[in-house]
Amino acid sequence: MRARLRGAAVVLAGLCLVAGPAACGKAGGVHEPGGTASGGALKIGVLLPDNTSRLYHFDKPLIEKKIHQLCPECTVEVVSAEHDVATQQQQMDAMITKRVRVLILDAVDSKSLRSPVESARAAGIPVVSYDRLVEGPVSAYVSFNGKRVGELQGEALLKALGGKARGAQIVMMNGDSTDPNSAWFRQGALEVLQGKVKIGKAYETAGWRPENANSNMSAAISALGAEHIDGVYSANDGLAAGIISALQASKIKPLPPVTGQDAELAAIQRIVTGDQYMTVYKPFVPEAGTAAAMAVALGRGKKLDDITTHTVNSPTTHGIPAVLLTPISVTVDRIKNTVVKDGMYTIEQICTPKFESACRRAGLLR
(Lines give C-alpha, C1' and ligand atoms only; values in the text may rest on other atoms or scores of the structure.)
Protein backbone atom coordinates (compact mmCIF):
# COMPACT_ATOMS: atom_id res chain seq x y z
CA MET A 1 0.00 0.00 0.00
CA ARG A 2 1.30 3.44 -0.90
CA ALA A 3 -0.38 6.30 0.88
CA ARG A 4 -0.99 9.48 -1.07
CA LEU A 5 -2.17 11.72 1.69
CA ARG A 6 -2.99 15.10 0.32
CA GLY A 7 -4.01 17.06 3.39
CA ALA A 8 -7.13 18.94 4.32
CA ALA A 9 -7.87 20.12 0.79
CA VAL A 10 -8.33 16.58 -0.42
CA VAL A 11 -10.51 15.64 2.53
CA LEU A 12 -12.74 18.63 1.86
CA ALA A 13 -12.90 17.78 -1.81
CA GLY A 14 -13.89 14.21 -1.02
CA LEU A 15 -16.58 15.38 1.36
CA CYS A 16 -17.80 17.77 -1.33
CA LEU A 17 -18.28 14.91 -3.74
CA VAL A 18 -20.03 12.74 -1.15
CA ALA A 19 -22.37 15.67 -0.50
CA GLY A 20 -23.31 15.63 -4.16
CA PRO A 21 -21.94 16.63 -7.58
CA ALA A 22 -24.07 19.76 -7.65
CA ALA A 23 -22.46 20.97 -4.43
CA CYS A 24 -19.07 20.72 -6.12
CA GLY A 25 -20.20 22.65 -9.17
CA LYS A 26 -19.46 19.73 -11.52
CA ALA A 27 -21.53 19.33 -14.61
CA GLY A 28 -22.32 16.08 -16.34
CA GLY A 29 -22.27 15.07 -19.95
CA VAL A 30 -19.66 12.29 -20.04
CA HIS A 31 -20.62 9.24 -22.09
CA GLU A 32 -19.15 5.77 -21.62
CA PRO A 33 -19.52 2.74 -23.90
CA GLY A 34 -22.61 0.83 -22.90
CA GLY A 35 -23.54 3.51 -20.37
CA THR A 36 -25.56 6.69 -20.18
CA ALA A 37 -24.81 10.37 -20.07
CA SER A 38 -23.71 11.90 -16.82
CA GLY A 39 -26.83 12.85 -14.90
CA GLY A 40 -28.88 10.24 -16.77
CA ALA A 41 -30.50 7.19 -15.20
CA LEU A 42 -27.92 4.76 -13.91
CA LYS A 43 -28.43 1.26 -12.57
CA ILE A 44 -26.02 0.29 -9.80
CA GLY A 45 -25.67 -3.27 -8.57
CA VAL A 46 -24.69 -4.04 -4.97
CA LEU A 47 -23.48 -7.54 -4.16
CA LEU A 48 -23.17 -8.47 -0.48
CA PRO A 49 -21.85 -11.74 0.97
CA ASP A 50 -24.79 -12.41 3.30
CA ASN A 51 -27.99 -10.99 4.76
CA THR A 52 -27.22 -11.60 8.42
CA SER A 53 -24.16 -9.47 9.20
CA ARG A 54 -23.87 -5.72 9.81
CA LEU A 55 -23.08 -5.32 6.08
CA TYR A 56 -26.69 -6.08 5.22
CA HIS A 57 -28.44 -4.49 8.17
CA PHE A 58 -26.37 -1.30 8.43
CA ASP A 59 -24.35 -0.78 5.26
CA LYS A 60 -27.01 -1.76 2.70
CA PRO A 61 -29.56 0.95 3.60
CA LEU A 62 -26.80 3.54 3.97
CA ILE A 63 -25.41 2.76 0.51
CA GLU A 64 -28.88 2.93 -1.05
CA LYS A 65 -29.71 6.20 0.71
CA LYS A 66 -26.48 7.90 -0.32
CA ILE A 67 -26.76 6.76 -3.95
CA HIS A 68 -30.25 8.23 -4.17
CA GLN A 69 -29.07 11.47 -2.55
CA LEU A 70 -26.30 11.82 -5.10
CA CYS A 71 -28.31 10.50 -8.02
CA PRO A 72 -32.10 10.68 -7.49
CA GLU A 73 -32.76 9.03 -10.84
CA CYS A 74 -30.45 6.08 -10.14
CA THR A 75 -31.84 2.61 -9.50
CA VAL A 76 -30.14 0.20 -7.11
CA GLU A 77 -30.36 -3.58 -7.10
CA VAL A 78 -29.03 -5.34 -3.98
CA VAL A 79 -28.45 -9.10 -3.76
CA SER A 80 -27.03 -11.36 -1.07
CA ALA A 81 -24.95 -14.46 -1.76
CA GLU A 82 -25.81 -16.24 1.51
CA HIS A 83 -22.08 -16.96 2.06
CA ASP A 84 -21.98 -19.01 -1.17
CA VAL A 85 -19.25 -18.34 -3.75
CA ALA A 86 -21.11 -19.97 -6.64
CA THR A 87 -24.21 -17.92 -5.87
CA GLN A 88 -22.26 -14.68 -5.92
CA GLN A 89 -20.54 -15.61 -9.17
CA GLN A 90 -23.98 -16.22 -10.73
CA GLN A 91 -25.26 -12.92 -9.34
CA MET A 92 -22.29 -11.09 -10.87
CA ASP A 93 -22.90 -12.75 -14.22
CA ALA A 94 -26.60 -11.82 -14.08
CA MET A 95 -25.84 -8.16 -13.36
CA ILE A 96 -23.31 -8.02 -16.18
CA THR A 97 -25.96 -9.47 -18.51
CA LYS A 98 -28.41 -6.80 -17.32
CA ARG A 99 -25.78 -4.18 -18.18
CA VAL A 100 -25.80 -2.44 -14.83
CA ARG A 101 -23.60 0.63 -15.06
CA VAL A 102 -21.49 0.06 -11.91
CA LEU A 103 -21.06 -2.73 -9.37
CA ILE A 104 -20.31 -2.42 -5.66
CA LEU A 105 -18.95 -5.79 -4.58
CA ASP A 106 -18.20 -7.23 -1.17
CA ALA A 107 -16.83 -10.60 -2.23
CA VAL A 108 -17.58 -13.83 -0.40
CA ASP A 109 -14.13 -15.01 -1.52
CA SER A 110 -11.58 -12.59 -2.90
CA LYS A 111 -9.88 -15.05 -5.26
CA SER A 112 -12.97 -16.83 -6.56
CA LEU A 113 -14.62 -13.61 -7.75
CA ARG A 114 -11.65 -12.60 -9.89
CA SER A 115 -13.11 -14.04 -13.10
CA PRO A 116 -16.46 -12.21 -12.81
CA VAL A 117 -14.58 -8.98 -12.05
CA GLU A 118 -12.59 -9.51 -15.25
CA SER A 119 -15.85 -10.13 -17.12
CA ALA A 120 -17.27 -6.89 -15.74
CA ARG A 121 -14.21 -4.97 -16.92
CA ALA A 122 -14.50 -6.53 -20.37
CA ALA A 123 -18.14 -5.37 -20.47
CA GLY A 124 -17.13 -1.83 -19.49
CA ILE A 125 -18.64 -2.06 -16.00
CA PRO A 126 -16.48 -0.57 -13.21
CA VAL A 127 -16.32 -2.50 -9.93
CA VAL A 128 -16.01 -0.81 -6.55
CA SER A 129 -14.54 -3.32 -4.10
CA TYR A 130 -16.25 -2.84 -0.76
CA ASP A 131 -14.82 -3.69 2.66
CA ARG A 132 -12.82 -6.68 1.34
CA LEU A 133 -10.39 -6.25 -1.56
CA VAL A 134 -11.29 -8.62 -4.37
CA GLU A 135 -8.78 -9.78 -6.97
CA GLY A 136 -9.06 -8.64 -10.56
CA PRO A 137 -9.18 -5.23 -12.30
CA VAL A 138 -11.33 -3.32 -9.81
CA SER A 139 -11.72 0.43 -10.32
CA ALA A 140 -11.77 1.47 -6.65
CA TYR A 141 -11.66 0.16 -3.10
CA VAL A 142 -13.08 1.44 0.17
CA SER A 143 -12.56 -0.13 3.57
CA PHE A 144 -10.99 0.50 6.93
CA ASN A 145 -7.27 0.41 7.55
CA GLY A 146 -6.94 -3.29 8.35
CA LYS A 147 -3.46 -2.99 9.78
CA ARG A 148 -4.72 -0.40 12.24
CA VAL A 149 -7.58 -2.73 13.20
CA GLY A 150 -5.04 -5.37 14.20
CA GLU A 151 -2.92 -2.81 16.03
CA LEU A 152 -5.91 -1.64 18.07
CA GLN A 153 -6.73 -5.22 18.99
CA GLY A 154 -3.15 -5.95 20.00
CA GLU A 155 -2.83 -2.73 21.99
CA ALA A 156 -6.07 -3.43 23.84
CA LEU A 157 -4.97 -6.95 24.69
CA LEU A 158 -1.68 -5.68 26.13
CA LYS A 159 -3.55 -3.06 28.15
CA ALA A 160 -5.91 -5.70 29.52
CA LEU A 161 -2.97 -7.90 30.54
CA GLY A 162 -1.27 -4.94 32.22
CA GLY A 163 1.80 -5.85 34.22
CA LYS A 164 1.26 -9.53 33.45
CA ALA A 165 1.81 -8.99 29.72
CA ARG A 166 5.50 -9.84 29.87
CA GLY A 167 5.61 -13.64 29.84
CA ALA A 168 1.86 -14.01 29.26
CA GLN A 169 0.66 -16.67 26.84
CA ILE A 170 -2.11 -15.96 24.37
CA VAL A 171 -4.06 -17.76 21.66
CA MET A 172 -4.43 -16.09 18.26
CA MET A 173 -7.70 -16.73 16.48
CA ASN A 174 -7.23 -15.22 13.03
CA GLY A 175 -9.86 -15.04 10.31
CA ASP A 176 -10.17 -17.07 7.14
CA SER A 177 -6.85 -17.56 5.35
CA THR A 178 -8.51 -16.80 1.98
CA ASP A 179 -9.57 -13.32 3.11
CA PRO A 180 -6.89 -10.66 2.51
CA ASN A 181 -8.36 -8.60 5.35
CA SER A 182 -7.53 -11.43 7.74
CA ALA A 183 -3.85 -11.23 6.86
CA TRP A 184 -3.97 -7.46 7.26
CA PHE A 185 -5.49 -7.69 10.74
CA ARG A 186 -2.98 -10.37 11.72
CA GLN A 187 -0.05 -8.27 10.51
CA GLY A 188 -1.10 -5.29 12.60
CA ALA A 189 -1.69 -7.39 15.70
CA LEU A 190 1.64 -9.19 15.42
CA GLU A 191 3.55 -5.93 15.09
CA VAL A 192 2.16 -4.98 18.49
CA LEU A 193 2.26 -8.36 20.23
CA GLN A 194 5.45 -10.06 19.05
CA GLY A 195 8.21 -9.92 21.62
CA LYS A 196 5.78 -8.88 24.34
CA VAL A 197 3.67 -12.02 24.79
CA LYS A 198 4.08 -15.68 23.94
CA ILE A 199 1.74 -16.97 21.24
CA GLY A 200 0.92 -20.46 22.46
CA LYS A 201 -1.40 -21.40 19.61
CA ALA A 202 -2.50 -19.64 16.43
CA TYR A 203 -5.34 -20.63 14.11
CA GLU A 204 -6.76 -19.58 10.75
CA THR A 205 -10.54 -19.86 11.15
CA ALA A 206 -12.21 -21.34 8.08
CA GLY A 207 -15.11 -19.27 6.80
CA TRP A 208 -14.91 -16.86 9.74
CA ARG A 209 -17.36 -19.25 11.40
CA PRO A 210 -17.93 -19.04 15.19
CA GLU A 211 -18.32 -22.81 15.42
CA ASN A 212 -14.84 -23.26 13.93
CA ALA A 213 -13.42 -20.75 16.40
CA ASN A 214 -15.13 -22.71 19.16
CA SER A 215 -13.48 -25.95 18.01
CA ASN A 216 -10.09 -24.27 17.67
CA MET A 217 -10.35 -22.73 21.12
CA SER A 218 -11.32 -26.06 22.67
CA ALA A 219 -8.25 -27.60 21.05
CA ALA A 220 -6.06 -24.79 22.42
CA ILE A 221 -7.41 -25.31 25.92
CA SER A 222 -6.64 -29.04 25.69
CA ALA A 223 -3.14 -28.40 24.34
CA LEU A 224 -2.07 -25.55 26.61
CA GLY A 225 -4.14 -26.10 29.72
CA ALA A 226 -6.84 -23.75 30.93
CA GLU A 227 -4.58 -22.16 33.52
CA HIS A 228 -1.98 -21.25 30.89
CA ILE A 229 -4.12 -19.05 28.64
CA ASP A 230 -3.83 -15.41 29.66
CA GLY A 231 -5.58 -13.76 26.73
CA VAL A 232 -7.10 -14.41 23.31
CA TYR A 233 -6.63 -12.37 20.17
CA SER A 234 -9.90 -12.76 18.26
CA ALA A 235 -10.05 -11.20 14.80
CA ASN A 236 -13.77 -10.38 15.02
CA ASP A 237 -16.84 -10.57 17.20
CA GLY A 238 -18.26 -13.70 15.61
CA LEU A 239 -15.08 -15.60 16.43
CA ALA A 240 -15.11 -14.08 19.92
CA ALA A 241 -18.55 -15.59 20.52
CA GLY A 242 -17.25 -19.07 19.69
CA ILE A 243 -14.09 -18.53 21.76
CA ILE A 244 -15.95 -17.33 24.84
CA SER A 245 -18.38 -20.24 24.59
CA ALA A 246 -15.45 -22.67 24.63
CA LEU A 247 -13.84 -20.89 27.60
CA GLN A 248 -17.11 -21.00 29.52
CA ALA A 249 -17.64 -24.67 28.66
CA SER A 250 -14.24 -25.37 30.23
CA LYS A 251 -15.37 -23.44 33.34
CA ILE A 252 -12.50 -20.97 33.10
CA LYS A 253 -12.98 -18.17 35.64
CA PRO A 254 -12.30 -15.36 35.37
CA LEU A 255 -12.35 -15.31 31.60
CA PRO A 256 -9.14 -14.06 29.98
CA PRO A 257 -9.46 -10.85 27.91
CA VAL A 258 -10.80 -11.50 24.41
CA THR A 259 -10.67 -8.98 21.55
CA GLY A 260 -13.13 -8.53 18.70
CA GLN A 261 -14.18 -6.44 15.72
CA ASP A 262 -17.38 -5.14 14.08
CA ALA A 263 -19.18 -3.83 17.19
CA GLU A 264 -21.97 -6.39 16.90
CA LEU A 265 -24.78 -5.87 19.41
CA ALA A 266 -24.08 -9.20 21.10
CA ALA A 267 -20.41 -8.23 21.42
CA ILE A 268 -21.29 -4.87 22.98
CA GLN A 269 -23.44 -6.76 25.49
CA ARG A 270 -20.58 -9.18 26.21
CA ILE A 271 -18.33 -6.19 26.81
CA VAL A 272 -20.90 -4.79 29.25
CA THR A 273 -20.92 -8.08 31.20
CA GLY A 274 -17.14 -8.40 31.06
CA ASP A 275 -17.09 -11.58 28.97
CA GLN A 276 -15.39 -9.78 26.06
CA TYR A 277 -12.81 -7.08 26.60
CA MET A 278 -13.12 -4.96 23.47
CA THR A 279 -14.28 -4.67 19.90
CA VAL A 280 -13.23 -2.52 16.96
CA TYR A 281 -15.94 -0.18 15.75
CA LYS A 282 -15.85 0.79 12.09
CA PRO A 283 -18.23 3.71 11.48
CA PHE A 284 -20.33 2.52 8.58
CA VAL A 285 -21.71 5.86 7.42
CA PRO A 286 -18.46 7.15 5.85
CA GLU A 287 -17.66 3.74 4.33
CA ALA A 288 -21.10 3.37 2.76
CA GLY A 289 -21.15 7.00 1.66
CA THR A 290 -17.75 6.74 0.03
CA ALA A 291 -18.74 3.59 -1.88
CA ALA A 292 -21.88 5.32 -3.12
CA ALA A 293 -19.92 8.41 -4.20
CA MET A 294 -17.39 6.24 -6.03
CA ALA A 295 -20.13 4.30 -7.81
CA VAL A 296 -22.03 7.40 -8.93
CA ALA A 297 -18.84 9.13 -10.08
CA LEU A 298 -17.72 6.09 -12.07
CA GLY A 299 -21.20 5.69 -13.52
CA ARG A 300 -21.04 9.27 -14.76
CA GLY A 301 -17.65 8.71 -16.32
CA LYS A 302 -15.77 10.81 -13.78
CA LYS A 303 -12.39 10.17 -12.20
CA LEU A 304 -12.01 9.54 -8.49
CA ASP A 305 -9.20 11.98 -7.73
CA ASP A 306 -11.46 14.08 -5.51
CA ILE A 307 -12.49 11.07 -3.42
CA THR A 308 -9.54 8.72 -3.04
CA THR A 309 -6.68 9.34 -0.63
CA HIS A 310 -4.59 6.16 -1.06
CA THR A 311 -3.69 3.47 -3.52
CA VAL A 312 -3.56 -0.23 -2.67
CA ASN A 313 -2.30 -3.36 -4.37
CA SER A 314 -4.04 -6.71 -4.72
CA PRO A 315 -2.27 -9.88 -5.90
CA THR A 316 -3.48 -9.07 -9.44
CA THR A 317 -3.78 -5.30 -9.65
CA HIS A 318 -1.52 -2.49 -8.47
CA GLY A 319 -2.32 1.15 -7.82
CA ILE A 320 -6.04 0.74 -7.10
CA PRO A 321 -7.54 4.11 -6.03
CA ALA A 322 -8.69 3.68 -2.45
CA VAL A 323 -10.08 5.23 0.68
CA LEU A 324 -8.94 3.66 3.96
CA LEU A 325 -10.94 4.85 6.93
CA THR A 326 -9.92 4.93 10.60
CA PRO A 327 -11.27 2.26 12.99
CA ILE A 328 -12.03 2.92 16.66
CA SER A 329 -11.33 0.77 19.72
CA VAL A 330 -14.33 0.26 22.01
CA THR A 331 -14.05 -0.93 25.61
CA VAL A 332 -16.82 -0.71 28.19
CA ASP A 333 -16.01 2.89 29.05
CA ARG A 334 -16.31 4.00 25.40
CA ILE A 335 -19.67 2.48 24.48
CA LYS A 336 -21.64 5.68 25.11
CA ASN A 337 -19.28 7.89 23.11
CA THR A 338 -19.04 5.59 20.09
CA VAL A 339 -21.80 3.19 19.06
CA VAL A 340 -24.51 4.93 21.11
CA LYS A 341 -23.48 8.46 20.17
CA ASP A 342 -23.37 7.53 16.48
CA GLY A 343 -26.83 5.99 16.63
CA MET A 344 -25.74 2.45 15.87
CA TYR A 345 -27.51 1.17 18.99
CA THR A 346 -29.63 2.77 21.66
CA ILE A 347 -29.14 2.21 25.37
CA GLU A 348 -32.48 0.35 25.32
CA GLN A 349 -31.22 -2.05 22.66
CA ILE A 350 -28.06 -2.79 24.63
CA CYS A 351 -29.52 -2.81 28.12
CA THR A 352 -32.35 -5.33 27.82
CA PRO A 353 -33.62 -6.80 31.11
CA LYS A 354 -31.01 -9.55 30.92
CA PHE A 355 -28.21 -6.96 30.92
CA GLU A 356 -29.79 -4.33 33.15
CA SER A 357 -27.63 -4.92 36.23
CA ALA A 358 -24.44 -5.11 34.16
CA CYS A 359 -25.43 -1.89 32.39
CA ARG A 360 -25.83 -0.17 35.74
CA ARG A 361 -22.36 -1.30 36.81
CA ALA A 362 -21.00 -0.06 33.48
CA GLY A 363 -22.63 3.35 33.93
CA LEU A 364 -24.98 2.96 30.96
CA LEU A 365 -28.03 3.06 33.22
CA ARG A 366 -28.67 4.97 36.41
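About the thresholds
- Residues numbered from 1 in each chain as written.
- Predicted model: local features only at pLDDT ≥ 70, side-chain atom pairs only at ≥ 80, totals over all residues.
- Heavy atoms only, no water.
- UniProt positions renumbered as here; feature names shortened; annotations may be inferred.
- 1 Å grid on protein atoms, 1.4 Å probe; cavity = no way out; pocket = protein on both sides within 12 Å on 5 of 7 lines; lining within 4 Å.
- Points joined across faces, edges and corners; volume = space filled by probe spheres on them.
- Helix = DSSP H or I, 4+ residues; strand = E, 2+ residues; numbered from the N terminus.
- Nonpolar A, V, L, I, M, F, W, Y, C, P; charged D, E, K, R; others polar.
- Salt bridge = Lys/Arg side-chain N within 4 Å of Asp/Glu carboxyl O.
- Buried < 20%, exposed > 50% of the residue type's maximum accessible area, 1.4 Å probe, protein only.
- Pairing = 2+ DSSP bridges.
- Axes fitted to C-alpha atoms, helices over the stretch in contact; angles between N-to-C directions.
- Contact = heavy atoms within 4.5 Å.
- Disulfide = S-S within 2.5 Å.
- Core = buried A, V, L, I, M, F, W, Y, C linked by side-chain atoms within 4.5 Å.

Going by what an unreviewed UniProt entry lists, the protein is known as Solute-binding protein and is assigned to Streptomyces caniferus. Its UniProt record gives the protein the following Subcellular location (unreviewed entry) comment, quoted word for word: "Cell envelope".

Quantified by volume, the largest pocket comes out at close to 860 Å³. Around the largest pocket sit 33 residues that line it, and Asp-50, His-83, Arg-132, Trp-208 and Asn-236 are the ones nearest its centre. Going through the elements one at a time, helix H2 (54–70) and helix H6 (180–193) are the ones with two or more residues in the lining of the largest pocket. With four residues, the top contributor of residues to the lining of the largest pocket is H2. Grouping the amino acids of the lining of the largest pocket by side-chain chemistry returns 11 nonpolar, 11 polar and 11 charged.

This next bit is on the pattern of salt bridges. Scanning all chains against the criterion turns up 13 salt bridges. The shortest N-O distance in the salt bridge between Arg-148 and Glu-155 comes to 3.1 Å. Classification of Arg-148 by relative accessible area gives partly exposed; the value is 28%. One continuous salt-bridge network, built from bridges that share partners, spans Lys-147, Arg-148, Glu-151, Glu-155 and Glu-191.

So, about the sheet that holds strand E8 (residues 198–204). Read across the sheet, three strands follow the order E8-E7-E9 without closing on themselves; strand pairing throughout is parallel. The open sheet is flanked by E8 and strand E9 (231–234), the only strands paired with a single partner. With direction set aside, neighbouring strand axes in the sheet form an average angle of 15 degrees. Strand direction decides the pairing type here: strand E7 (residues 169–174) and E9, joined by four bridges, are parallel. Bridging from a neighbouring strand, Met-173 pairs with Ser-234 of E9. Where helix H7 (residues 210–224) meets the sheet, its contacts fall on E7, E8 and E9, and the angle it forms with E8 comes to roughly 150 degrees.

For the rest of this paragraph, the subject is the state of the cysteines. In total, this model carries two disulfides according to the counting rule given. The partner cysteine of Cys-71 in its disulfide is Cys-74, sulfur to sulfur 2.0 Å. With the S-S dihedral at roughly 80 degrees, the linkage between Cys-71 and Cys-74 falls on the right-handed side. We classify Cys-71 as buried; its relative accessible area is 0%.

Note that the residue after Lys-253, namely Pro-254, is joined by a cis bond; omega there is -10 degrees. Its place among the elements puts Pro-254 in the loop between helix H8 (237–249) and helix H9 (265–273). We note that Arg-99 has phi near 60 degrees; this positive angle belongs to a residue other than glycine. Considering the arrangement of structural elements, one finds Arg-99 in the loop between helix H3 (85–97) and strand E4 (102–105). Residue Arg-99 is classed as partly exposed on the basis of its relative accessible area of 38%. With a phi close to 110 degrees, Asp-262 is a non-glycine residue in the positive phi region. Summarising the element assignment, Asp-262 is placed in the loop between H8 and H9.

Residues Val-171, Met-173, Met-217 and Ile-243 are the most contacted members of the largest nonpolar core, which totals 39 residues. Contributing elements (two or more residues each) for this core: helix H5 (146–161), E7, H6, H7, E9 and H8. Residues contacting Met-173, with those up to four places away along its chain left out, are Tyr-203, Thr-205, Ala-213, Asn-216, Met-217, Tyr-233, Ser-234, Ala-235, Leu-239 and Ile-243. Ranked by size, the runner-up nonpolar core spans 30 residues in total, among them Leu-48, Cys-74, Ala-288 and Val-323.

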